[in-house]
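Residue strings, one per chain:
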Amino acid sequence: INVRIPYPYKEGKKQHITFSPIENVNRMQKTVTLNATSDSGLLVYYYVKEGPAEIENSKLILSKIPPRAKFPVKVTVVAWQYGRSTGDKIQTAEAVEQIFYIEK
């Protein structure tokens, strides 16, 4: 099966993501609330590009840090929004990265 998914979606109105910087956190902190928004009003999604963390319901869940890890530990989170191809068409937003560190 060959499925073609156009990426990025280039038809329709442009959209932009606003993703405020994430403050560095202490290693005892377990979650970080993510607050990116799109000026289109569409829901923004996230993924972890780098670091010991997972995304769950727009929250970053920090994983256990290995005992020999060197602090500070870098975490990179990406906010993205694909757009919409039906109705009021909206283009794919440019992804926005935020980097923060887990400190001892």
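Because the structure is a prediction, the values reported are computed rather than measured. (Residues numbered from 1 in each chain as written. Predicted model: local features only at pLDDT ≥ 70, side-chain atom pairs only at ≥ 80, totals over all residues. Heavy atoms only, no water.)

## Quick notes on the pattern of salt bridges
Piece 1. The full count for this structure, using the stated rule, is 3 salt bridges.
Piece 2. Here lysine 49 ties to glutamate 97 by a salt bridge, and the two come within 2.6 Å at their closest N and O atoms. Here lysine 49 is found in strand E5 (residues 45-50), whereas its partner glutamate 97 is found in strand E9 (residues 96-103), with 48 residues between them in sequence.
Piece 3. The class for glutamate 97 is partly exposed, based on a relative accessible area of 38%.
Piece 4. The residue glutamate 50 makes a salt bridge to lysine 74 at a minimum N-O spacing of 3.8 Å. Of this pair, glutamate 50 sits in strand E5 while lysine 74 sits in strand E8 (residues 73-80), and the two are 24 residues apart along the sequence.
Piece 5. With relative accessibility at 36%, the residue glutamate 50 sits in the partly exposed group. (Salt bridge = Lys/Arg side-chain N within 4 Å of Asp/Glu carboxyl O. Helix = DSSP H or I, 4+ residues; strand = E, 2+ residues; numbered from the N terminus. Buried < 20%, exposed > 50% of the residue type's maximum accessible area, 1.4 Å probe, protein only.)

## Some points on the sheet that holds E9
Pairing between the strands of a sheet comes from backbone hydrogen bonds, and it takes one of two forms, parallel or antiparallel.
Piece 1. Here we have 4 strands laid out as an open sheet, ordered E2-E9-E8-E5, and mixed in their pairing. Since the sheet does not close on itself, it has two edges, and those belong to strand E2 (25-26) and E5, each with one partner.
Piece 2. When E5 meets E8, the two strands line up antiparallel, connected through 5 bridges. Bridge assignment links valine 48 to a residue of E8, and that residue is valine 77. (Pairing = 2+ DSSP bridges.)

## A look at the nonpolar core
Piece 1. Phe19, Leu60, Val77 and Phe100 are the most contacted members of the largest nonpolar core, which totals 20 residues.
Piece 2. At the level of secondary structure, the elements contributing two or more residues to this core comprise strand E7 (59-62), E8 and E9.
Piece 3. Examining the composition of this core, we find that 4 residues originate from one element, E8, more than from any other.
Piece 4. Apart from residues lying up to four places away in sequence, leucine 60 is in contact with Lys30, Thr31, Val32, Leu34, Val48, Ala53, Glu54, Ile55, Val75, Val77 and Phe100. (Core = buried A, V, L, I, M, F, W, Y, C linked by side-chain atoms within 4.5 Å. Contact = heavy atoms within 4.5 Å.)

## Examining the packing of aromatic side chains
Piece 1. Applying the stated criterion across every chain yields a total of 3 aromatic pairs.
Piece 2. Taken together, a centroid distance of 6.4 Å and an interplanar angle of 40° make the contact between tyrosine 9 and tyrosine 82 tilted. Taken as a pair, tyrosine 9 in the segment before strand E1 (17-18) and tyrosine 82 in the loop between E8 and E9 lie far apart in primary sequence, 73 residues in all.
Piece 3. Given the relative accessible area of 24%, tyrosine 82 is considered partly exposed. (Phe/Tyr/Trp six-rings, centres within 6.5 Å; stacked < 30°, edge-to-face > 60°.)

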